[in-house]
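Report on the structure
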Amino acid sequence: MTEMTYLRAISDGLRTEMREDDRVLLMGEDIGVYGGAFKVTDGFIEEFGADRVMDTPLAESGIVGTAVGAAVVGLRPVCEMQFADFVSCGFDQIVNVAGKMLYRQGLPVNITVRLPSGGGFSGGPFHSQNPEAWFMHSPGLKVVAPSTAEDAKGLIIASIRDPNPVIYMEHKNLYRRVKGEVPEGSYETPFKARVAREGDDLVVITYGAMVHTALEATADLDGASVMVLDLRSLVPLDEDAILRAVHHCSKVVVVDEANQTCAAGAQVSALIAERAFEDLDGPVLRVASPDAPIPFSPPLEAAVLPSVERVREACRQLLEY
Amino acid sequence: MPQMGVSVAEGTVVEWRKQRGDWVEADETICEISTDKIDTEVPSPASGRLIEVLVQVGATVDVGTTLARIATDARPGEPHSSEVDRPAAPTRAPAAAPPGAAGAAGAAGAAPPPVRAPAARGAAARRYSPVVQRIADEHGVDLDEVEGSGRDGRVQKKDVMAYVQARGGAAAPPSDEPTMHIESPYRPGAGASLSGPYVPPEGRPLSRMRQSIGEHMKRSQETAATCTTWIEVDVSRIEIARRQLGITALPLIARCTIGALVEYPLLNAWLKGDVHTVHEQVNLGIAVALGEDGLIVPVVRSAQDLSPEGLSRRIRDLARRARARQLSPDDVRGATFTITNPGQFGSMMATPVIAQPQVAILDVEAIVKRPVVVTDAFGEDAIAIRPMVILGLSWDHRALDGALAARFLASVKKRVESYEA
């Protein structure tokens, strides 16, 4: 075990898997000589060479399209979108080409697309988004979103090994803020939910950076015992874990950092309405960003993103219901 | 008497859940009926007071016969109209008549729309969340007696849980008797009977389901010339496919059996007297145990068109509905071949009884790891550990001979042992 940041854990996972499997290669903008916009791949080009750590043109469609071709002939490319927001330029290659290749041609597309996502640092509307739901809605893709350093490493390795295209959501605001003990060597984190904290009176269901917001908001909530469920994987969604938690607690708050409409939490809420109706002791409450662009201005951004205070208020409201 | 399936013409009233004078909600079970295929509950077509029971328990009547009458202008808690000394002309809706008839009666009587009973007494009716209602149902709690700690006195889950716990503690005080070892012959209060003469408990008539099963089984044994042939099969490939697809072995073995039935249609047949009907379509009966109550054999229709996953889904759905007693008579009719699968308890061999008028039934026993002789690619023999199962086929010697039964089983074996997912 070594203590490292979330960001170093991603680097460690990539490096471990590249050392173990020479089919793994990286592609992205400024990931080679410069070491990546966030320095995730710092030092990689020296160890693995420019053939496996490829600096690409500013063309996400080209990055993903090339990776799909490489995967079809047996390689395991990992694409970095410099910011998750820019993935929209590669959308067609991910959604229509990579996601449907197995269905149409029977060819697995073993690619991983890393999406540095999320706000909280005045990045403005083009550098702060959480676009995971776009991909949840599209069959053929998996979507994961780690919240801890240990899971960041385990899930990047599991994503590289999974034969499907996997969208790996890495939250920029966790990069250097979150630290944790990370096991040495190679391990896979399953695409399953994790109980971040046990509890009985209410469950907060969330993922990514909001796990930390939820833990802080409910650490001391008038003595209430609050469970926090970290989904970790959005596709596949760990329905059993969600239904178990709802059965146990009967009161549910679902938190998304993404814009509220059709977010991952909307799917979670729909699942609960369909399958856990008789376990509910109150309405399912949602806390998410309103359907607005993420503002650049620090006070405005703080007003838009779900805060510890907003999550706490929602929990209080439901506990008293 | 509702129509419970296309070919059911009559039914027997088994039990009245509501008595004359009882209030009944729409869709609440009013009585239980039994047909020659299944037993089922009859939901009330309207809310009101049961004012007349027309068909007594045990009576068998045609479909469409009015079973009872419900006064739809009654109110819960009011005295029965016959007890009030006023010239009342209650509108009457025939209970459990076919939907068309009920609609016609309502229209002809120009009845006011049936009034739903209020959820609780008085104006201060309380509303409860789904989980609170479920817990109250499970523990028989009258929610009016539970103090609510939520907003505006709402009863929360924790309130009803605390109530159940408090009441449970009072109702069942801890026993003074020390816990006995399971082998101990001593039982509290049994002292007197130890020395006295044995008094057998009173006998009771067999359930209708048991009587019906008994009659079918006896009739089959009197009708068919039943023989049983066994074959031992290596299910290594089924075990692999089962794990890949996340299903049980049964639908995979069923898929292989269906393939063999298409190859040997003489086993996918009926024999009624001397009329022999060979089917192209495979309607596969699957025996589903209903605990100690008995068993029922729902049918997967056109099973030849289904993949193992499709078979698995259909079998699961039928089994679930069978255990919930929700099968319709059409779900249990028309099987052309049956599979029974009691091996889950570890048994190795059986001689199943053919379901008339079919000509064969396949028995799938427990999958057990056994040392077997296998031959490798170079023709060398070796002993290997393989998951094995014994398939038993009971067949009717009137319809076919042992050689065909053996060829059929060999075909199933070949399909199972060469299975490709």
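Everything here concerns the structure above.
Residues numbered from 1 in each chain as written. Chains lettered and ligands numbered in written order. Predicted model: local features only at pLDDT ≥ 70, side-chain atom pairs only at ≥ 80, totals over all residues. Heavy atoms only, no water.

1. Some remarks on the overall build of chain A
Within chain A one finds twelve helices and 14 strands. Out of the 321 residues in chain A, the part that is buried amounts to 59%. Summarising the internal contacts of chain A: among those between residues at least 6 apart in sequence, 80% fall at separations of at least 24. For chain A, the accessible surface area stands at approximately 12700 Å², while carbon and sulfur atoms represent 54% of it. (Helix = DSSP H or I, 4+ residues; strand = E, 2+ residues; numbered from the N terminus. Buried < 20%, exposed > 50% of the residue type's maximum accessible area, 1.4 Å probe, protein only. Contact = heavy atoms within 4.5 Å. Areas by Shrake-Rupley, 256 points an atom, 1.4 Å probe, with all protein chains shown as cover.)

2. Digging into the packing of helix α9 (residues 239–249) of chain A against helix α10 (residues 264–275) of chain A
Residue and element names in this part refer to chain A. Two elements in contact, α9 and α10, have axes separated by 11 Å at closest approach and are oriented at 65°. The hand of the α9/α10 crossing is right-handed. Facing α9, whose interface residues are Glu239, Ile242, Leu243 and Val246, α10 presents Val268, Leu271, Ile272 and Arg275. Residue composition of the contact of α9 with α10, by class: six nonpolar, no polar and two charged. (Axes fitted to C-alpha atoms, helices over the stretch in contact; angles between N-to-C directions. Left-handed = near helix turned anticlockwise from the far one by under 90°. Nonpolar A, V, L, I, M, F, W, Y, C, P; charged D, E, K, R; others polar.)

3. Here's the deal with unusual backbone geometry
A negative phi angle is the norm for most residues apart from glycine, just as the trans form is the norm for most peptide bonds. The step from A:Val235 to A:Pro236 runs through a cis peptide bond, and the omega angle for that step is -5°. Of note, A:Pro236 is situated in the loop between β12 (233–235) and α9. Look at A:Ser122: it is not a glycine, yet its phi comes out positive at around 60°. Locating A:Ser122 in the fold gives a position in the loop between β5 (112–117) and α6 (132–136). Given a relative accessible area of 22%, A:Ser122 falls into the partly exposed group. Look at B:Arg325: it is not a glycine, yet its phi comes out positive at around 55°. The residue B:Arg325 is located in the loop between α8 (308–323) and β16 (337–340) in this model.

4. Re the nonpolar core
Counting 55 residues, the largest nonpolar core has B:Leu284 and B:Leu393 as the members making the most contacts within it. Tallying contributions element by element places helix α7 (residues 249–263) of chain B first for this core, with nine residues. Those residues in contact with B:Leu284 that lie beyond four places of it in its chain are B:Ala254, B:Ile258, B:Pro298, B:Val299, B:Val300, B:Ala303, B:Phe337 and B:Ile339. Counting residues in each nonpolar core, the second largest holds 49 residues, with A:Ala67, A:Ala71, A:Ala98 and A:Cys249 among its members. (Core = buried A, V, L, I, M, F, W, Y, C linked by side-chain atoms within 4.5 Å.)

5. Some points on the packing of aromatic side chains
All names here are of chain A. Within this structure, the stated rule accounts for nine aromatic pairs over all chains. With 5.3 Å between their ring centres and 70° between their planes, Phe38 and Phe83 make a pair best called edge-to-face. Within this pair, whereas Phe38 is found in the loop between β2 (24–28) and α2 (44–48), its partner Phe83 is found in the loop between β4 (76–80) and α4 (91–98), the two being separated by 45 residues in sequence. In this structure Phe38 comes out as buried when scored by relative accessible area, which is 16%. Ring geometry for Phe91 against Phe135: centres 5.6 Å apart, planes inclined by 55°, an arrangement best described as tilted. With Phe91 in helix α4 and Phe135 in helix α6, the pair connects residues that are 44 residues apart, well separated along the chain. We classify Phe135 as buried; its relative accessible area is 0%. Three or more aromatic residues joined by ring pairs form one cluster here, namely Tyr6, Phe38, Phe83, Phe86 and Tyr175. We note Lys39 situated over the ring of Tyr34; from NZ or CZ to the ring centre the distance is 3.9 Å. (Phe/Tyr/Trp six-rings, centres within 6.5 Å; stacked < 30°, edge-to-face > 60°. Lys NZ or Arg CZ within 6 Å of the ring centre and 35° of its normal.)

6. So, the side chain of A:Arg114
Residues and elements named next belong to chain A. Note on placement: Arg114 falls in strand β5. Among the polar contacts listed, one links the side chain of Arg114 to the side chain of Glu80, at a separation of 2.9 Å. With near-sequence residues (within four places) excluded, Arg114 lies in contact with Ile10, Leu14, Val40, Thr41, Val78, Cys79, Glu80, Met81, Ile156, Tyr168, Glu170 and Tyr175. (Polar contact = N/O pair within 3.5 Å; in protein donor to acceptor, adjacent residues only side chain to side chain.)

7. Details of the sheet that holds strand β4 (residues 39–43) of chain B
Residues and elements named next belong to chain B. Spatially, the four strands line up as an open sheet ordered β4-β3-β1-β6, and their pairing is antiparallel. Of all strands in the sheet, those bounded by a partner on one side alone are β4 and β6 (60–62). Each neighbouring strand pair of the sheet contributes to a mean axis angle of 40°, computed without reference to strand direction. Pairing between strand β1 (residues 10–16) and β6: three bridges, direction antiparallel. Counterpart to Gly11 in the pairing with β6 is Val61. (Pairing = 2+ DSSP bridges.)

8. Overview of the packing of helix α3 (residues 60–72) of chain A against α4(A)
Residues and elements named next belong to chain A. Across the interface, α3 lies against α4 with an axial gap of 7 Å and an inter-helix angle of 30°. One way to sum up the angle between α3 and α4 is to call them roughly parallel. Between α3, through Ser61, Val64, Gly65 and Val68, and α4, the contact on the second element is made entirely by Gln93, Ile94, Val97 and Ala98. For the contact of α3 with α4, the residue count by class is five nonpolar, three polar and no charged. (Parallel < 35°, antiparallel > 145°, perpendicular 65-115°, else oblique.)

9. Quick look at helix α1 (residues 6–20) of chain A
Residues and elements named next belong to chain A. Over its 15 residues, α1 extends 21 Å from the first C-alpha to the last, a length consistent with the 21 Å expected when each residue adds 1.5 Å. Buried residues dominate α1, accounting for eleven of its 15 residues. When we look at burial in α1, the residues that qualify are Tyr6, Leu7, Ala9, Ile10, Ser11, Asp12, Gly13, Leu14, Thr16, Glu17 and Met18. (Expected span 1.5 Å × (residues − 1).)

10. Description of the interface of chain A and chain B
Opposite the 15 residues of chain A that make contact, chain B presents eleven residues. For the pair chain A and chain B, the summed buried area comes to about 990 Å², and 39% of that belongs to carbon and sulfur atoms. Sorting the residues of chain A by area buried against chain B places A:Glu278, A:Asp281 and A:Tyr321 first, and these three jointly supply 50% of that buried surface. Our count for the contact surface shared by chain A and chain B stands at two salt bridges. Those elements that place two or more of their residues in the side of chain A that touches chain B are α9 and α12 (308–320) of chain A. Partitioning the side of chain A that touches chain B into residue classes produces five nonpolar, five polar and five charged. (Buried area = accessible area lost by both parts, 1.4 Å probe. Salt bridge = Lys/Arg side-chain N within 4 Å of Asp/Glu carboxyl O.)

Keep in mind that these numbers describe shape and distance, not what the molecule does.
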